[in-house]
Amino acid sequence: MSAARAPTLLGATLTLLAGGALAQLVPLLVGPFIARVFTPEAFGLYTQFVTVAAAVAVAASLRYEQALPLAQDEGEARALLALALRLLAAAVLLSVPLAWALHAAGWLQLAAWLPIAVATAGALQVLMLWANRAQCFRALAVSRVVQYGGAALLQLALGWALCKGAAAGREGAWALVLAPIVAQAIAGICLLRPAPSGGWRTVLAPAAGALRQPMRTVARQHRDFALINTPHAFLGTLQDALAVALLVAWSSDAAAGFWGLALRYLKAPATLVGSAVSQALYPRLVAATPAQAQRMVRQVMGLLGALALGLMAVLLLAGPWLFERLFGPPWREAGELARALAPYIAAHFVAAPLAVVTMAWRAQAWAFRLALAGQAAFVAALAAGLWQGGLLGGAWAVSAVMVPYFGWYFWRLARWPNIPVQGASA
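Below is a short write-up of the structure. (Residues numbered from 1 in each chain as written. Predicted model: local features only at pLDDT ≥ 70, side-chain atom pairs only at ≥ 80, totals over all residues. Heavy atoms only, no water.)

## Section: the overall build of the protein
Right, on to step 1. Counting its regular elements, the protein contains 15 helices and zero strands.
Right, on to step 2. Scaling as 2.2 N^0.38, a compact globule of 426 residues should have a C-alpha radius of gyration of about 22 Å, and the protein matches this with 21 Å.
Right, on to step 3. For the protein, the spread of C-alpha atoms along the principal axes amounts to about 55 × 50 × 35 Å.
Right, on to step 4. A total of 426 residues make up the protein; the buried ones form 54% of that total. (Helix = DSSP H or I, 4+ residues; strand = E, 2+ residues; numbered from the N terminus. Rg over C-alpha atoms; globule rule 2.2 N^0.38 Å. Buried < 20%, exposed > 50% of the residue type's maximum accessible area, 1.4 Å probe, protein only.)

## A look at a positive patch on the surface
Right, on to step 1. A cluster of basic side chains, namely Arg212, Arg216, Arg220 and Arg223, defines a positive patch on the protein surface.
Right, on to step 2. The element contributing the most residues to the positive patch is helix H8 (residues 212-221), with three residues.
Right, on to step 3. Note that arginine 223 resides in helix H9 (residues 223-250).
Right, on to step 4. By relative accessible area, arginine 223 is classed as partly exposed at 46%. (Patch = residues over 30% accessible without salt bridge, like charges linked within 9 Å, V, L, I, M, F, W, Y side chains within 5 Å. Areas by Shrake-Rupley, 256 points an atom, 1.4 Å probe, with all protein chains shown as cover. Salt bridge = Lys/Arg side-chain N within 4 Å of Asp/Glu carboxyl O. Lys, Arg positive; Asp, Glu negative; His and termini not counted. Charge placed at Lys NZ, Arg CZ, Asp CG, Glu CD.)

## Side note on the packing of aromatic side chains
Right, on to step 1. Here the structure, examined in full by the defined rule, presents 16 aromatic pairs.
Right, on to step 2. Ring centres of phenylalanine 43 and tyrosine 46 lie 6.5 Å apart, and the angle between their planes is 80 degrees; this geometry places the pair in the edge-to-face category. Here tyrosine 46 and phenylalanine 43 lie together in helix H2 (residues 40-58), a separation of three residues that amounts to about one turn.
Right, on to step 3. Ring geometry for tyrosine 405 versus phenylalanine 406: centroids 5.2 Å apart, planes at 65 degrees, classification edge-to-face. Judged on exposure class, the residue tyrosine 405 and its partner phenylalanine 406 are both buried.
Right, on to step 4. Within the aromatic cluster, the residues linked to one another by ring pairs are Tyr344, Trp361, Trp366, Phe378, Tyr405, Phe406, Tyr409, Phe410 and Trp416. (Phe/Tyr/Trp six-rings, centres within 6.5 Å; stacked < 30°, edge-to-face > 60°.)

## Observations regarding the pattern of salt bridges
Right, on to step 1. Tallying each qualifying case throughout the model produces two salt bridges.
Right, on to step 2. Two residues, arginine 332 and glutamate 324, come together in a salt bridge whose shortest N-O distance is 2.7 Å.
Right, on to step 3. A relative accessible area of 34% places arginine 332 in the partly exposed class.
Right, on to step 4. Exposure remark for glutamate 324: the relative accessible area of 30% places this residue in the partly exposed category.
Right, on to step 5. Across the salt bridge formed by arginine 332 and glutamate 336, the nearest N and O atoms sit 3.8 Å from each other. A residue pair is termed a helical-turn pair when its members lie 3 or 4 positions apart in one helix, as arginine 332 and glutamate 336 do in helix H13 (residues 332-351) at four residues.

## Here we look at unusual backbone geometry
Right, on to step 1. That bond from arginine 193 to proline 194 is cis: its omega, 5 degrees, falls within 30 degrees of zero.
Right, on to step 2. Relative to the helices and strands, proline 194 is located in the loop between helix H6 (173-189) and helix H7 (200-204).
Right, on to step 3. Non-glycine residue leucine 62 carries a positive phi angle of around 50 degrees.
Right, on to step 4. Structurally, leucine 62 can be placed in the loop between H2 and helix H3 (74-104).
Right, on to step 5. Positioned with a positive phi, arginine 63 is a non-glycine residue whose angle comes to about 65 degrees.
Right, on to step 6. Here arginine 63 falls in the buried class, since its relative accessible area comes to 12%.

## Notes on a nonpolar patch on the surface
Right, on to step 1. On the surface, Leu316, Leu317, Leu392 and Trp396 cluster together into a nonpolar patch covering about 400 Å² of accessible area.
Right, on to step 2. At the level of secondary structure, the elements contributing two or more residues to the nonpolar patch comprise helix H12 (290-327) and helix H15 (364-414).
Right, on to step 3. A residue is classified by how much of its surface remains accessible, and leucine 317, at 72% relative accessible area, is exposed.

## Notes on the nonpolar core
Right, on to step 1. With 135 residues, the main nonpolar core has Trp259, Leu285, Leu341, Trp361, Phe406, Tyr409 and Leu413 as its most contacted residues.
Right, on to step 2. The element that contributes the greatest number of residues to this core is H15, accounting for 17 residues. (Core = buried A, V, L, I, M, F, W, Y, C linked by side-chain atoms within 4.5 Å.)

## A closer look at the side chain of threonine 47
Right, on to step 1. Topologically, threonine 47 is positioned in helix H2.
Right, on to step 2. Using a relative accessible area of 7% as the deciding quantity, one classes threonine 47 as buried.
Right, on to step 3. Of the polar contacts made by the side chain of threonine 47, one reaches the backbone oxygen of phenylalanine 43; its length is 2.7 Å.
Right, on to step 4. If sequence neighbours within four positions are ignored, threonine 47 has contacts with Val244, Ala256 and Gly260. (Polar contact = N/O pair within 3.5 Å; in protein donor to acceptor, adjacent residues only side chain to side chain. Contact = heavy atoms within 4.5 Å.)

Listed below in structure tokens is the structure:
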């Protein structure tokens, strides 16, 4: 794509932000109705499932799809795409015995859905990065509307179908799981264009022997994504799974439901803004000079920081009231959690889109080490807080520990000394 036709960072961000706004607006509007047709226990089982599915799906392709925007030519991109899709297929197969083992251990009640969830989530992630490389920002925006908005509408429709005068309990949790799987599958279909040269069949065909050597080459060339970025991303999702496990062990499925609903809505702004910013920022950082890249990152942090402070103020002042009004009296405890988690959520809002910075700056090893420390601190703070002060004690402890952690992260990125020279001159 020529420089004259390539969308600017602002234009790409606004396109993705518009699609993301609609994608998040629908769940936010129908969420209160969903909470009234499903009990906290049903949400608890759903939360357990999605944390496990996310942990498997995020590592399914060994993160090789994240290297697609870095590919120098069409041949390298096709090899990366073929490699990512074959690794995903292997991960889906491996998720079958994993689902059985977790179900046998009594931790995963909806185990039969796990391989399907891994397949749809993993495929969508690969297709999103393929579309990102092609700078198909409109298609990405449409897919996000389908993924998030469609899932919420389908959850509501299934909930109403199940509900007979009372909220659907544990036995109805399957409906909460099925809806996002269907939505992800449809969202992936929206990203099938542009197809790779020769069509999708040439990439997917098992007999595509011509791709074997190129796949080996790109696997070695981008091995940091498998060896560093994959453990980094996996441990991030594992953190969520361990948090839910701690909540269930210390309390109940309902506590996991409160936690899951609170974080689902508290992180919605980060999903909306962060995903749009990161998808637009990543290819710009790859093409920028060091001075341009440093300036972009500082500008992004400053803008997101101002928005985060407003979000935190609202949650601290009116979190419990808002959750009770929107979701009903049974969910007031989720609002108390929202208030306690407000400082952590504000810091996470700023940090969410910045993961692509260390990928573009080839500092994944540093980011991985820092993330390990942060994840250990998160789980330890939650466990200590639960032990000393119950559910709310755990939430306040997470905020107290994670805000200084994120502050250090922001300071280091703002003063990064070794930005690689990889773009055109200013």
